[in-house]
Amino acid sequence: MVLRYDKAYIQDFSETSDGYLTIHACPVTRPGVFPYLRQDGKVVMEAKLPEELFSETTIASAQAKPMTDDHPNELVTAANYPIYAKGMTHTDAAVRDNKLVISFTITDSATIEKIRGGKRELSIGFVADIAPETGTYNGETYDSVQRNMEINHIAIVDKGRAGPSVAIRADSAVMVDESEKQGGRKMPTVRIDNKEYEVDPVVKSRMDALEAQTALAEAKVKDVDKLSGERDALQAKLDKAEADLGEEKKKVLSADELDKLVANRIELTSKAKEFLGDSFDFSAKTDRAIKEEVIASVNKTFKGDDKSDDYINAFFDAMTVPAKGFTQGAVFHDAKSKKETSEEVEKLKNNRLNLNKKEDK
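The following refers to the structure shown. (Residues numbered from 1 in each chain as written. Predicted model: local features only at pLDDT ≥ 70, side-chain atom pairs only at ≥ 80, totals over all residues. Heavy atoms only, no water.)

1. Let's talk about the overall build of the chain
- Scanning the chain from N- to C-terminus turns up 10 helices and 17 strands.
- Expressed as a percentage of the 361 residues in the chain, the buried residues total 38%.
- Sequence separation of 24 or more characterises 62% of the internal contacts of the chain that already satisfy a separation of 6 or more. (Helix = DSSP H or I, 4+ residues; strand = E, 2+ residues; numbered from the N terminus. Buried < 20%, exposed > 50% of the residue type's maximum accessible area, 1.4 Å probe, protein only. Contact = heavy atoms within 4.5 Å.)

2. So, the nonpolar core
- If you look at the biggest cluster of nonpolar residues, it comprises 26 residues, and the most contacted ones within it are Ile 106, Leu 122 and Ile 154.
- Among the elements of the structure, strand S3 (21–29), strand S4 (32–37), strand S9 (99–106), helix H4 (109–116), strand S10 (121–131) and strand S13 (144–157) are those that each provide at least two residues to this core.
- With near-sequence residues (within four places) excluded, Ile 154 lies in contact with Val 28, Pro 66, Met 67, Thr 68, Thr 89, Ile 102, Leu 122, Ser 123 and Ile 124.
- Counting 14 residues, the second-largest nonpolar core is a separate cluster that includes Leu 268, Leu 276, Phe 280 and Ile 290. (Core = buried A, V, L, I, M, F, W, Y, C linked by side-chain atoms within 4.5 Å.)

3. Some remarks on the packing of helix H7 (residues 255–276) against helix H9 (residues 309–320)
- At a closest axis distance of 11 Å, the pairing of H7 and H9 adopts a crossing angle of 70°. Here H9 runs roughly perpendicular to H7, going by the angle between their axes. By crossing handedness, the relation of H7 to H9 is classed as left-handed. The segment H7 lies against H9, with Leu 268, Lys 271 and Phe 275 engaging Phe 316, Met 319 and Thr 320. (Axes fitted to C-alpha atoms, helices over the stretch in contact; angles between N-to-C directions. Parallel < 35°, antiparallel > 145°, perpendicular 65-115°, else oblique. Left-handed = near helix turned anticlockwise from the far one by under 90°.)

4. What to know about unusual backbone geometry
- In the Ramachandran plot, Asn 98 falls in the positive-phi region, its phi being about 60° despite a non-glycine side chain.
- Secondary-structure assignment places Asn 98 in the loop between strand S8 (94–96) and S9.
- Located in the positive-phi region is Asn 148, a residue other than glycine, with phi close to 55°.
- Note on placement: Asn 148 falls in strand S13.

5. Some remarks on the pairing of S9
- Counting buried residues along S9, eight of its eight residues qualify, which places the element largely inside the surrounding structure.
- Burial along S9 is two-sided: Lys 99, Val 101, Ser 103 and Thr 105 and Leu 100, Ile 102, Phe 104 and Ile 106, pointing in opposite directions, are all buried.
- In terms of strand pairing, S3 meets S9 through six bridges, oriented antiparallel. Each residue of the ladder has a partner; that of Ile 23, found in S9, is Phe 104.
- As defined by bridge partners, strand S7 (residues 85–89) adjoins S9 across three bridges and the pair is classed as antiparallel. If you follow Met 88 over to S9, its bridge partner there is Thr 105.
- One ladder, built from three bridges, connects S8 with S9; its direction is antiparallel. Looking across to S9, one finds that Arg 96 is bridged to Lys 99.
- In this antiparallel pair of consecutive strands, S8 and S9, the connection spans two residues, and Asp 97 shows a positive phi of 55°. (Pairing = 2+ DSSP bridges.)

6. Comments concerning the pattern of salt bridges
- Applying the stated criterion across every chain yields a total of 13 salt bridges.
- Among the salt bridges present, the one from Arg 231 reaches Asp 232, with a minimum N-O distance of 3.1 Å.
- Note on Arg 231: relative accessible area 53%, which makes it exposed.
- In this structure, Asp 287 engages Arg 265 in a salt bridge whose closest nitrogen and oxygen atoms are separated by 2.7 Å. Of the two residues, Asp 287 is situated in helix H8 (residues 287–298) and Arg 265 in helix H7; the sequence distance between them amounts to 22 residues. (Salt bridge = Lys/Arg side-chain N within 4 Å of Asp/Glu carboxyl O.)

7. Overview of the packing of H8 against H9
- Following both chains from N to C, one finds H8 and H9 inclined at 55°, their axes separated by 10 Å at the closest point. Here H9 runs oblique to H8, going by the angle between their axes. Note that H8 runs across H9; the crossing there is left-handed. Residue-level inspection shows Arg 288, Lys 291, Glu 292, Val 294, Ile 295 and Val 298 of H8 in contact with H9, the latter providing Asp 309, Ile 312, Asn 313, Phe 315, Phe 316 and Met 319.

8. A word on the packing of aromatic side chains
- On inspection of all chains with the given rule, the structure shows three aromatic pairs.
- On the numbers, 6.3 Å between centres and 65° between planes, the contact of Phe 302 with Phe 315 is edge-to-face. Separated by 13 residues along the polypeptide, Phe 302 in the loop between H8 and H9 and Phe 315 in helix H9 bring together distant segments of the chain. Like Phe 302, the residue Phe 315 is buried in the burial classification.
- Taken together through their ring pairs, the aromatic side chains of Phe 302, Tyr 311 and Phe 315 make up a single cluster. (Phe/Tyr/Trp six-rings, centres within 6.5 Å; stacked < 30°, edge-to-face > 60°.)

Here you go:
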């Protein structure tokens, strides 16, 4: 269903002897359900019910009110009347053919020239209480009702303006002349709940702008998501690189640690030479391998494959620590028979005795 949005046109006017223009009994509004664009960008369907629009208070509010050239951005009051008023409504407000009509006179020469030039649409500016109520009127569903309406001014506009503001609402009457019914000037349309409505061009423009802003915001969200993903991937790479660097740092020896390792190696090779001789090739051999060679030099059947590092270190230390006289050495078991253990201890004892003899010479 296509709904004509509230609008009215100045069709018949007369000129007074003073050059003013007087328009008689012009429709300015009528009951109905209309789309309104609120400040948050939401379009809502608001009802002007006959019992509200045609109440004595609302009818009386149309009388002796300022006529303006376009809508001001504030209520017209005594303080700003000289700025905005271009004429005044009469006191003959009435209901005719389910419409609110009133006469008015335009006294401003510039506005009169605009009317003569074709600026003839009317739009009422009013204040109202918007009650959240659902219902239907003439087959149209609404979600709120305009109550306690009081007309503040009536504006002459190029296009009928609609939509709310903070304290003032703009509207236009429904009068559509026969030329429009036969396919004359057509209002832009919007689709709401699978129904198409004709709306004021200002409303349509605002809705298009909001749609464009929404599309732009959605595009920005996608860009943000993409950038966030790239950032997280880079952060993961950075975290891994830092972790790898930490591991590599653990492998790098400090100068003191390197000096200590060199000193220990020199001490080890020096002790080992006493058993292996100066011609022994120590290169490419680990500390443990050297110690096993030393142990094997005095125990030809020694196999270190199944021995722990502690065993090897203790055996080597016991062989290479100088001592006066004999002190019972360590006993090494590790799954060896008593006989084998005794033989190893005996050999260890002899080696120590030999070392002591060398020192005494």
